Amino acid sequence: MQMQVLDFTVRSNEALNDHNHLIKVAPARNEILPEMHPGQFVQILVDNSPHVFLRRPISINFVDKEKNEIWLLVQKVGEGTEKICSIPAGGIINLISPLGNSFTLPERNGRYLLVGGGVGTAPMLFLGKRMNEVGIEPDFLLGGRSAEDILQRADFERYGSLYCTTEDGSLGETGFVTHHSVLKEKKYDFIYTCGPRPMMVAVAKYAHEHGVGCEVSLENLMACGFGACLCCVEKTVRGNICTCTEGPVFNIKELFW
């Protein structure tokens, strides 16, 4: 798959809440975007920072081919992502993309559940869009601490049925995603998930106990994105492998969860 290092123009930078921004970017010189798939990520260069030397990995939230545009959902968790979230519309941002592997798209119609927690909801939107393109309407199950943490709800509702859980009960059902009643009411053919590791482990456990296939997108620390620094190594049935090159998407059968 073709990987590119390109400057992008920030078309818009919208604060979705106090700690998450939706940044839409397009190639600065009108280059055509390479083919991208749900689950892949980009590495963003953090300019003009004396303390941040490494790029920041960010999941591809959405690709709009008609506008030649990538959406990036960025959570402010430190100086690097703070700098990225401060780039105004019209600013320039440098990306290496696309990186990593992708979710496996279904080959037949059926019932599919896409589970996201926190900023881990990001790749679920792009995956839902791709499923729609092959005639599949999935269910989305999104979790957060409160209603303000459930992002892009209107966008998700364009591609499937949306279910939510919040820890404080401010939206949807109270509790964690694995507590939602939809898991008791419906039988799924496959589950895809991304979010905090404890959440993904719980979803993987549910899938295993119910005989349902499942893929997870790991959020291990990725410093280089090329498998050189070994920061993101994950223990699998194939041995210790780099999440950035062999992942970030893994079938749960490969993991020691």
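Residues numbered from 1 in each chain as written. Predicted model: local features only at pLDDT ≥ 70, side-chain atom pairs only at ≥ 80, totals over all residues. Heavy atoms only, no water.

Student: Would you take a moment to explain the sheet that holds strand β10 (residues 173-174) for this structure?
Tutor: Adjacent strands of a sheet pair through backbone hydrogen bonds, lying either parallel or antiparallel. Taken together, the seven strands give an open sheet; going across it, the order is β10-β9-β8-β7-β11-β12-β15, and neighbouring strands pair in mixed fashion. A strand with exactly one partner marks an edge of an open sheet, and here the two such strands are β10 and β15 (249-251). Contacts from helix α2 (residues 122-133) reach β7 (112-117), β8 (139-144) and β11 (190-194) within the one sheet, and its direction differs from that of β7 by about 160°. Contacts between helix α5 (residues 197-209) and the sheet are confined to β7, β11 and β12 (213-217), with β11 contributing the most and set at about 170° to the helix. (Pairing = 2+ DSSP bridges. Helix = DSSP H or I, 4+ residues; strand = E, 2+ residues; numbered from the N terminus. Contact = heavy atoms within 4.5 Å. Axes fitted to C-alpha atoms, helices over the stretch in contact; angles between N-to-C directions.)

Student: What am I meant to see in the pairing of β8 here?
Tutor: Each regular strand carries side chains that alternate between the two faces of the sheet. In terms of burial, β8 is largely enclosed, as six of its six residues are buried. Of the two faces of β8, both are covered, the one formed by D139, L141 and G143 as well as the one formed by F140, L142 and G144. Where β7 and β8 come together, five bridges link them in parallel fashion. Its bridge partner lying in β8, V115 is registered against L141. (Buried < 20%, exposed > 50% of the residue type's maximum accessible area, 1.4 Å probe, protein only.)

Student: Any chance you could explain the sheet that holds strand β3 (residues 41-44) here in plain terms?
Tutor: If you walk around this closed barrel you meet the six strands as β1-β2-β5-β4-β3-β6, and the pairing is antiparallel. This sheet shows a mean twist of 45° between the axes of neighbouring strands, independent of strand direction. Note that strand β1 (residues 4-15) and strand β2 (residues 20-27) share seven bridges and pair antiparallel. The residue bridging T9 from the neighbouring strand is A26, located in β2. Along the sheet, α2 contacts β4 (56-64) and β5 (69-75); its crossing angle with β4, the most-contacted strand, is approximately 30°.

Student: How should I be thinking about the pattern of salt bridges in this particular structure?
Tutor: For side chains of opposite charge, pairing can occur when their charged atoms come near one another. This model, assessed by the stated rule, comprises eleven salt bridges. Put simply, E254 and R238 hold a salt bridge, and the shortest N to O gap is 2.7 Å. Of this pair, E254 sits in the segment after β15 while R238 sits in the loop between β13 (233-236) and β14 (239-242), and the two are 16 residues apart along the sequence. Salt bridges here are not isolated pairs; linked through shared partners, they connect E35, K65, K129, R130 and E133. (Salt bridge = Lys/Arg side-chain N within 4 Å of Asp/Glu carboxyl O.)

Student: Explain the pairing of β1 to me, please; I cannot follow it from the model alone.
Tutor: Judged from the six bridges that link them, β1 and strand β6 (residues 92-99) form a sheet pairing that is antiparallel. Note on β6: the bridge partner recorded for V5 is I96. Hairpin connection from β1 to β2: four residues lie between these consecutive antiparallel strands.

Student: Is there a simple way to explain α2 in this structure?
Tutor: Quick reminder: α-helices carry 3.6 residues per turn. Residues three or four places apart thus point the same way. Of all the twelve residues making up α2, ten are buried; the element is thus mostly covered by neighbouring parts of the structure. Within the sequence span of α2, burial applies to A122, P123, M124, L125, F126, L127, G128, K129, R130 and M131. Buried positions along α2 lie against β4, β5, β7, β8, α3 (153-157) and β11. Once α2 finishes, G135 follows within two positions and takes phi at roughly 85°, a positive value.

Student: What is the right way to look at the side chain of T236 in this model?
Tutor: As for its position among the elements, T236 is in strand β13. A distance of 3.0 Å separates a polar atom in the side chain of T236 from the backbone nitrogen of R238. One polar contact links the side chain of T236 to the main-chain carbonyl oxygen of G239, over a distance of 2.8 Å. Not counting residues within four places of it along the chain, the set of residues in contact with T236 comprises I241, F250, E254, L255 and F256. (Polar contact = N/O pair within 3.5 Å; in protein donor to acceptor, adjacent residues only side chain to side chain.)

Student: Looking at this structure, how should I read unusual backbone geometry?
Tutor: Most peptide bonds are trans, and most residues other than glycine sit at a negative phi. Residues S97 and P98 are joined by a peptide bond in cis, for which omega reads -15°. On the secondary structure map, P98 appears in strand β6. A cis geometry characterises the amide bond from G247 onward to P248, with omega recorded as 10°. Looking at the element boundaries, P248 is found in the loop between α6 (243-246) and β15. Even without glycine at this site, Q152 takes up a positive phi of about 60°. By secondary structure assignment, the location of Q152 is in the loop between β8 and α3. In this structure, L230 takes a positive phi of about 65° despite not being glycine. Considering the arrangement of structural elements, one finds L230 in the loop between β12 and β13.

In short, geometric facts, not functional conclusions.
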